Amino acid sequence: MSEKVTAPRLRSLKAKGEKIVCITAYDVFFGRIADEAGADVVLVGDSLGNVVLGYPTTVFVTLDEILHHVRAVRRGVSRALLVADMPLGSYGGSIAQAVETATALVKAGAEAVKLEGEYSEEIRAITKMGIPVMGHLGMTPQSVNNFGGFKVQGKGSSGEAILQSAKSIEQAGVFSIVLELIPKALSAQITNGVSIPTIGIGAGAECDGQVQVMHDLLGFSDETFRHSKRYMDGQSAVLESMRTYAREVRRGSFPSEENSF
Ligand code: KIV
């Protein structure tokens, strides 16, 4: 458990049949907790936009915003591999742009970057620079407007295209692939068809690992999703604590003598 997680080590976990645990984090406190809990990968995802910044989707997240949060999480994570998302518009324009974005994220403290879709040339160029790249296929949230909503992708014959994309980006050099909202039979096919680890979210138990948005695990959101499980009702616990604090201030029982100097 204490050995530093690296991109090559994740591949060896797949080879040994050990499941990979990935949790998102956006600040130093929760980065440290995720690390302490034994996450193999801490992801500063562009879900930052939804769960921290209040945007309706990830398409509004900027590179500067991700960089700011990568620096914070970096200060809390030591064992886990720290991966940072490349937000929409920070790649896809040119190879040079993608390399520049990945480099900025690594200089901010990330040990690997993640990008959505089949950008094989970009993946080749970034890995050539020495930066490990994680792929992301299926329901890729940056393309939500193209998909017409957050819908399961790869049903029926359309699954073949996702399988081929997985093989292409493996060839291009990704060290693992996030599979989001695809049928479990397809993720099993992809998991068996590539030699790098697959990390699923709403993609069934056959994946080599799982990733979850921290706020969904801890119940810090109004919405519940079929692909997530709440391990606590964080929102109610925090609300109750804040209400108790407010009550105590108003009736004068906080601060007490113990809290005073
Ligand atoms: O942005 C994010 O948090 C992600 C994960 C859900 C895979 O991309």
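This text follows the structure it describes.
This section reports on the structure supplied with the text.

**Points about the pattern of salt bridges**
No. 1: All told, the structure shown has eight salt bridges when counted by the stated rule.
No. 2: A salt bridge links E121 to R124, with the nearest nitrogen and oxygen atoms 3.0 Å apart. Linking E121 with R124, this pair stays in helix α6 (residues 120-128), spanning three residues, or about one helical turn.
No. 3: Of the residues examined, E121 reaches a relative accessible area of 48% and is grouped as partly exposed.
No. 4: With relative accessibility at 38%, the residue R124 sits in the partly exposed group.
No. 5: Taken together, the shared-partner salt bridges connect K4, R74 and E111 into one network.

**Quick notes on the site of the ligand**
No. 1: By nearness alone, every residue bordering the ligand is listed as T24, L43, G45, D46, S47, D85, K114, H136, V178, I201, V211 and V213.
No. 2: At a separation of 3.0 Å, an oxygen atom of the ligand approaches a polar side-chain atom of D46.
No. 3: When the ligand sits alone it has 260 Å² of accessible area, and the protein chains cover 96% of it.
No. 4: Looking at side-chain class alone, the shell around the ligand contains five nonpolar, four polar and three charged residues.

**A short note on the packing of aromatic side chains**
No. 1: All chains considered together, the criterion is met by five aromatic pairs.
No. 2: An angle of 85 degrees between the planes, with centres 5.0 Å apart, marks the rings of F29 and F30 as edge-to-face.
No. 3: Through a chain of ring-to-ring contacts, the aromatic side chains of F29, F30 and F220 assemble into a single cluster.

**Considering the side chain of H215**
No. 1: Looking at the element boundaries, H215 is found in helix α10 (residues 214-218).
No. 2: Apart from residues lying up to four places away in sequence, H215 is in contact with Y26, V51, V52, F220 and S221.

**Some points on the nonpolar core**
Buried together is how nonpolar side chains tend to be arranged in soluble globular proteins.
No. 1: The biggest cluster of nonpolar side chains holds 51 residues, and the ones touching the most others in it are V42, M86, L105 and I126.
No. 2: If near-sequence neighbours (up to four positions away) are discounted, L105 is found in contact with L63, I66, L67, V70, A84, D85, M86, A110 and V113.

Conventions used here
- Residues numbered from 1 in each chain as written.
- Predicted model: local features only at pLDDT ≥ 70, side-chain atom pairs only at ≥ 80, totals over all residues.
- Heavy atoms only, no water.
- Salt bridge = Lys/Arg side-chain N within 4 Å of Asp/Glu carboxyl O.
- Helix = DSSP H or I, 4+ residues; strand = E, 2+ residues; numbered from the N terminus.
- Buried < 20%, exposed > 50% of the residue type's maximum accessible area, 1.4 Å probe, protein only.
- Near = heavy atom within 4 Å.
- Polar contact = N/O pair within 3.5 Å; in protein donor to acceptor, adjacent residues only side chain to side chain.
- Areas by Shrake-Rupley, 256 points an atom, 1.4 Å probe, with all protein chains shown as cover.
- Nonpolar A, V, L, I, M, F, W, Y, C, P; charged D, E, K, R; others polar.
- Phe/Tyr/Trp six-rings, centres within 6.5 Å; stacked < 30°, edge-to-face > 60°.
- Contact = heavy atoms within 4.5 Å.
- Core = buried A, V, L, I, M, F, W, Y, C linked by side-chain atoms within 4.5 Å.

Taken by themselves, the reported measurements are silent on function.
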